[in-house]
Amino acid sequence: MARLQEWLDLTGSTIRSVGSRDVAGLYEREWPAVRQKLLEDHRSSIEREPKRWKRWIRTASAMMYGLTRRLTPERRLLFLISLVVGLLSFVYLGVLIGSWNNALKTLVSLLVAFAVLVFLLALELIDKLHFRDELELARDLQASLLPKEMPRVPGLEVSAFNRIANTVGGDLYDFATLPDGRVAILFGDASGHGMAAGLVMAVAQAGFRTQLEVSAAPEAVVTTLNRLLCRTGGSRSFFSACYVVLSGGGAFEGVVAGHPPILQIRDGGTIVRKIGRGSYPLGIKAPYRWDSFEGRLEPGESLVFSSDGIPESRDRHGEAFGYDALERVASRHAGAPDFCERVLAEWAGAIDGGTVDDDVSLALVRRLGPEGPAAGRGMN
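Here goes a summary of the coordinates provided. (Residues numbered from 1 in each chain as written. Predicted model: local features only at pLDDT ≥ 70, side-chain atom pairs only at ≥ 80, totals over all residues. Heavy atoms only, no water.)

### Remarks on the overall build of the protein
The number of helices and strands found in the protein is 10 helices and 11 strands. Within the span of the protein, comprising 380 residues, buried residues form 40% of the whole. The contacts in the protein between residues at least 6 apart in sequence include a share of 70% that link residues at least 24 apart. Accessible surface for the protein amounts to roughly 21,400 Å². Of this, 59% is attributable to carbon and sulfur atoms. (Helix = DSSP H or I, 4+ residues; strand = E, 2+ residues; numbered from the N terminus. Buried < 20%, exposed > 50% of the residue type's maximum accessible area, 1.4 Å probe, protein only. Contact = heavy atoms within 4.5 Å. Areas by Shrake-Rupley, 256 points an atom, 1.4 Å probe, with all protein chains shown as cover.)

### Topic: the nonpolar core
Among the nonpolar cores identified, the biggest contains 26 residues, and Leu172, Leu186, Phe208, Leu212, Phe239, Tyr243 and Leu282 are the most heavily contacted of them. Residue contributions to this core peak at six residues, all from helix α7 (residues 195-212). Beyond its immediate stretch of four places on either side in the chain, phenylalanine 208 contacts Asp174, Ala184, Leu186, Val221, Leu225 and Tyr243. (Core = buried A, V, L, I, M, F, W, Y, C linked by side-chain atoms within 4.5 Å.)

### Some words on the packing of helix α9 (residues 323-332) against helix α10 (residues 339-351)
Helix packing for two helices is described by the angle between their axes and how far apart those axes are. For the pair α9 and α10, the least separation of the axes is 9 Å and the interaxial angle reads 140°. Here α10 runs oblique to α9, going by the angle between their axes. Viewed along their axes, α9 and α10 form a crossing whose handedness is right-handed. Contact residues: α9 offers Leu326, Val329, Ala330 and Arg332, while α10 offers Phe339, Val343 and Glu346. (Axes fitted to C-alpha atoms, helices over the stretch in contact; angles between N-to-C directions. Parallel < 35°, antiparallel > 145°, perpendicular 65-115°, else oblique. Left-handed = near helix turned anticlockwise from the far one by under 90°.)

### Some details on the sheet that holds strand β4 (residues 239-246)
The five strands are arranged β2-β3-β4-β5-β8 in an open sheet whose pairing can be described as antiparallel. Two strands close off the open sheet at either side, each with one partner strand: β2 (171-177) and β8 (292-296). For this sheet the average axis-to-axis angle between neighbouring strands, irrespective of direction, equals 15°. Of the pairings in the sheet, the one linking strand β5 (residues 251-257) to β8 comprises five bridges and is antiparallel in character. Bridge pairing links phenylalanine 252 to glycine 295 in β8. With respect to the sheet, α7 is in contact with β2, β3 (183-190) and β4, its orientation differing from that of β2 by roughly 15°. (Pairing = 2+ DSSP bridges.)

### A word on the side chain of arginine 366
Along the chain, arginine 366 turns up in strand β10 (residues 360-367). Sequence-distant contacts of arginine 366, that is, excluding residues within four places in its chain, are made with Gly155, Leu156, Glu157, Asp267, Gly300, Glu301, Ser302 and Gly335.

### Considerations on the pairing of strand β9 (residues 301-306)
The buried fraction of β9 amounts to six of the six residues, a majority that puts the element mostly inside the structure. Both faces of β9 are covered, namely the face carrying Glu301, Leu303 and Phe305 and the face carrying Ser302, Val304 and Ser306. One ladder, built from four bridges, connects strand β6 (residues 262-266) with β9; its direction is antiparallel. Among the inter-strand pairings, isoleucine 265 is bridged to a residue of β9, identified as serine 302.

### What about the packing of aromatic side chains?
Going through the model one piece at a time under the given rule, you end up with six aromatic pairs. Where tyrosine 280 meets tyrosine 288, the ring centres are 5.0 Å apart and the plane angle is 85°; that geometry is what we call edge-to-face. Residue classification places tyrosine 280 among the partly exposed residues on the basis of a relative accessible area of 36%. With a relative accessible area of 27%, tyrosine 288 lands in the partly exposed category. Through pairs of rings, three or more aromatic residues link up here, namely Tyr280, Tyr288 and Trp290. (Phe/Tyr/Trp six-rings, centres within 6.5 Å; stacked < 30°, edge-to-face > 60°.)

### Notes on α7
With 18 residues, α7 should reach 26 Å at 1.5 Å per residue; the first-to-last C-alpha distance of 26 Å fits that figure. For α7, the set of buried residues is Ala197, Gly198, Val200, Met201, Ala204, Gln205, Gly207, Phe208, Gln211 and Leu212. (Expected span 1.5 Å × (residues − 1).)

### Let's talk about the environment of valine 272
Positionally, valine 272 belongs in strand β7 (residues 271-275). Residue valine 272 is classed as partly exposed on the basis of its relative accessible area of 35%. With 30 residues separating them along the chain, valine 272 and serine 302 place their C-alpha atoms 9.6 Å apart. Sequence-distant contacts of valine 272, defined by excluding residues within four places in its chain, comprise Gln264, Ile265, Arg266 and Glu301.

### Here we look at the side chain of glutamate 327
Mapped onto the elements of the fold, glutamate 327 is located in helix α9. When residues no more than four places from it in sequence are discounted, the contact partners of glutamate 327 are Leu263, Ile271 and Lys274.

Right, dumping it as structure tokens:
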């Protein structure tokens, strides 16, 4: 009875925790992603097939092949055995079920096929659990690289938010107070997401902190990070970054390397400047020289940094949020003490449970008035 109660409790908790939106998400988000992955090697040949029924057969065959190919050879054999036994069972069921003896053979065959599939599922589940444990350790290590508290620089307000798409993310923001009182800001996005992006992000953060002990000059920082990432990563492992050095008096200088522009916004909502233009990210081309910029924040003006995870996210109808919408929302909430919270709440309402395939990061550095104290807010 105790074992039965455990199954009943598990069934009840499953039903209570899964809502209609979760079930719909299996079809609207997870199933298309799985289907695309399984069909990636045969998509072009399927799309060229003019007859619908042949496309259906090709699709089913390609998905079965894609699933089988991703198993190890030993598990692939088990999977094929279960398919053969299951097919024979249906033959017995459809042709030879004229006696109790054949019915029993059919039942035994189905049970064998089911047992093999459950065993195979258990093996895959154990692998996933081991991998999940490693990802959780990597997530904890990555989280330790993001600042828990924002720096308190006289005359400046600093706030930031980060949400990863997978267990391990590739977005990074870091704020370091320099000996002369300025604050060095690194905001960036490693290519892709997951473990590989997390490793690139960790290398970039370590290189940034090490370089600050030598020189915080923009050219020196981006040159060092680029050289380091070119040596440690491949052509697909790069880091789009913004680097800014800002004083409490408002003067700043920096570099944008392959990243969406930084927005300079007044409290009233006017966008003063979009800082940054198209260029290579870090880690692709060495040697390379990036153009630097200079500017000044007047009291009540802010620098807003955003990863492309926000504008490239899509609502339930597949429409991208977009860079224009991000600028409008940022302008609307400029000057608010809870700027990040407001922008992210409006963004979440706009996509309404849609697709967010990339990490989401947002940061704000605002120059306060003469009477304003230093402030720092984090939203990890």
